[in-house]
Amino acid sequence: MTVYFIGAGPGAPDLITVRGLRLVERCPVCLYAGSLVPAEIVAAAPPEARVMDTAPMHLDQIMEEITQAQAQGQDVARVHSGDPSIYGAIAEQMRRLDDLEIDYEVVPGVPAFAGVAAKLKTELTLPEIAQTVILTRTGMKASSMPERETLEILGQSGATLAIHLSIRNMDYIREALAPHYGEDCPVVVAYRATWPDELYIRTTLAEMKAQVRKAKLTRTALIMVGPVLGEAQFRDSSLYDQEFTHVLRNAGKKKLRA
């Protein structure tokens, strides 16, 4: 018996991996995060499968379902949104499984920030503009942030930021980042990225709070910040430059062959 932690992707049901979908299709038990996992993915479970929404359940209840499945020798598809390694709350589940000596595997998924970048047709790492992407959040009700990971510190990098779970913290985001990025820095607020009701607000640090209020967004949004999201002027990458040589494209050898 194995528990499979499966990343369902950011929202569109066809963005789950082939491996993840095949596991959902064959596992006799499916535990899923109901508010974030597309119904079409859960519908792929076997007709006789035990399918449960874990949104209203606490950890002990979830583990009880898993131990019952273990007693019956049934594999479990534990389906999370996005990629389970990012704010997936799987670490405490895996720790419990280790204590119970229950086998488990993790199946990666498409993370939300990648889904947003794809929909925006944007590269998050542009030459000489930004070569780093930081995935973070702000301190809210669930838990505080480590002192060295505040936006005041992370913002000093000038990197492209993907700020999760922070739609109610817009004032702080602006105050922390404006000194480093400028009030006119491009921002994209992505609501339910890749879902049928998705919404993308292109704005700035100065205007984002007003735009979010106008759209009445209160949850399920990702805030992207950085100059790559605007009309950034950048040079071509060296990767495909005809004068740039590397192990798979050696200009010198080509000339010798010619």
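Residues numbered from 1 in each chain as written. Predicted model: local features only at pLDDT ≥ 70, side-chain atom pairs only at ≥ 80, totals over all residues. Heavy atoms only, no water.

Re the overall build of the protein
Phase 1: Across its full length, the protein holds 9 helices and 10 strands.
Phase 2: Its C-alpha atoms put the protein at 60 × 60 × 35 Å along the principal axes.
Phase 3: Of all 258 residues assigned to the protein, the portion counted as buried reaches 43%.
Phase 4: Taking contacts inside the protein between residues at least 6 apart in sequence as the whole, the part at least 24 apart equals 68%.
Phase 5: Approximately 14,500 Å² of the protein is accessible, and the part contributed by carbon and sulfur atoms is 50%.
Phase 6: Of the charged side chains in the protein, 27 are positive and 32 negative, and the gap between their average positions amounts to 5 Å. (Helix = DSSP H or I, 4+ residues; strand = E, 2+ residues; numbered from the N terminus. Buried < 20%, exposed > 50% of the residue type's maximum accessible area, 1.4 Å probe, protein only. Contact = heavy atoms within 4.5 Å. Areas by Shrake-Rupley, 256 points an atom, 1.4 Å probe, with all protein chains shown as cover. Lys, Arg positive; Asp, Glu negative; His and termini not counted. Charge placed at Lys NZ, Arg CZ, Asp CG, Glu CD.)

Let's talk about the sheet that holds strand S7 (residues 160-164)
Phase 1: Strand order across the open sheet formed by 5 strands is S6-S7-S10-S8-S9, with mixed pairing between neighbours. Among the strands making up the open sheet, the edge pair consists of strand S6 (133-137) and strand S9 (199-204). Sheet twist, expressed as the mean angle between neighbouring strand axes with direction ignored, is 20°.
Phase 2: In the sheet, S7 pairs with strand S10 (residues 221-225) via 3 bridges, with the strands oriented antiparallel. Bridging from a neighbouring strand, Leu-161 pairs with Val-225 of S10.
Phase 3: The strands touched by helix H5 (residues 112-120) are S6, S7, strand S8 (186-191), S9 and S10; relative to S10, the strand with the most contacts, the crossing angle is about 70°. (Pairing = 2+ DSSP bridges. Axes fitted to C-alpha atoms, helices over the stretch in contact; angles between N-to-C directions.)

A look at the pattern of salt bridges
Phase 1: On inspection of all chains with the given rule, the structure shows 7 salt bridges.
Phase 2: A salt bridge links Lys-209 to Asp-171; the shortest N-O distance between them is 2.7 Å. Pair noted here: Lys-209 is in helix H8 (residues 208-215) and Asp-171 is in helix H7 (residues 170-181), with a separation of 38 residues, a long-range link.
Phase 3: Judged by relative accessible area, Lys-209 falls into the partly exposed class, the value being 26%. (Salt bridge = Lys/Arg side-chain N within 4 Å of Asp/Glu carboxyl O.)

As for the packing of aromatic side chains
Phase 1: Under the defined criterion, the tally for this structure stands at 1 aromatic pair.
Phase 2: The interplanar angle of 80° and the centroid separation of 6.1 Å between the aromatic rings of Phe-5 and Tyr-104 together place this pair among those described as edge-to-face. Of the two residues, Phe-5 is situated in strand S1 (residues 2-7) and Tyr-104 in strand S5 (residues 103-107); the sequence distance between them amounts to 99 residues.
Phase 3: For Arg-192, the ring lying beneath its charged end belongs to Trp-195, and the centroid distance is 4.1 Å. (Phe/Tyr/Trp six-rings, centres within 6.5 Å; stacked < 30°, edge-to-face > 60°. Lys NZ or Arg CZ within 6 Å of the ring centre and 35° of its normal.)

Considerations on the state of the cysteines
Two cysteines form a disulfide when their sulfur atoms are joined by a covalent bond.
Phase 1: Per the counting criterion, the structure on display carries 0 disulfides.
Phase 2: Cys-27 forms no disulfide, and the closest cysteine sulfur to it belongs to Cys-30, at a distance of 8.0 Å.
Phase 3: Overall, the relative accessible area of 1% leaves Cys-30 in the buried class. (Disulfide = S-S within 2.5 Å.)

A short note on the side chain of Thr-122
Phase 1: Among the secondary structure elements, Thr-122 is positioned in the loop between H5 and S6.
Phase 2: Residue classification places Thr-122 among the buried positions, given a relative accessible area of 17%.
Phase 3: Ignoring sequence-local partners within four residues, the contact set of Thr-122 consists of Ala-117, Arg-202, Val-228 and Leu-229.

Points about unusual backbone geometry
Phase 1: You will see that Thr-194, though not glycine, has its phi angle at about 75°, which is positive.
Phase 2: Structurally, Thr-194 is set in the loop between S8 and S9.
Phase 3: The phi angle at Thr-220 is positive, at roughly 50°, despite the residue not being glycine.
Phase 4: Mapped onto the elements of the fold, Thr-220 is located in the loop between H8 and S10.
Phase 5: For Thr-220, a relative accessible area of 25% translates into the label partly exposed.

Regarding the nonpolar core
Phase 1: Counting 23 residues, the largest nonpolar core has Leu-177, Val-189, Leu-205 and Val-225 as the members making the most contacts within it.
Phase 2: For this core, the elements supplying multiple residues, two or more each, are helix H6 (151-154), S7, H7, S8, H8 and S10.
Phase 3: With 5 residues, H7 is the single largest residue contributor to this core.
Phase 4: Contact partners of Leu-177, with chain neighbours within four places excluded, come to Leu-151, Gly-155, Leu-161, Ile-163, Gly-182, Leu-205 and Val-225.
Phase 5: Tyr-4, Tyr-32, Ala-77 and Val-107 belong to the second-largest nonpolar core, a separate cluster that totals 18 residues. (Core = buried A, V, L, I, M, F, W, Y, C linked by side-chain atoms within 4.5 Å.)

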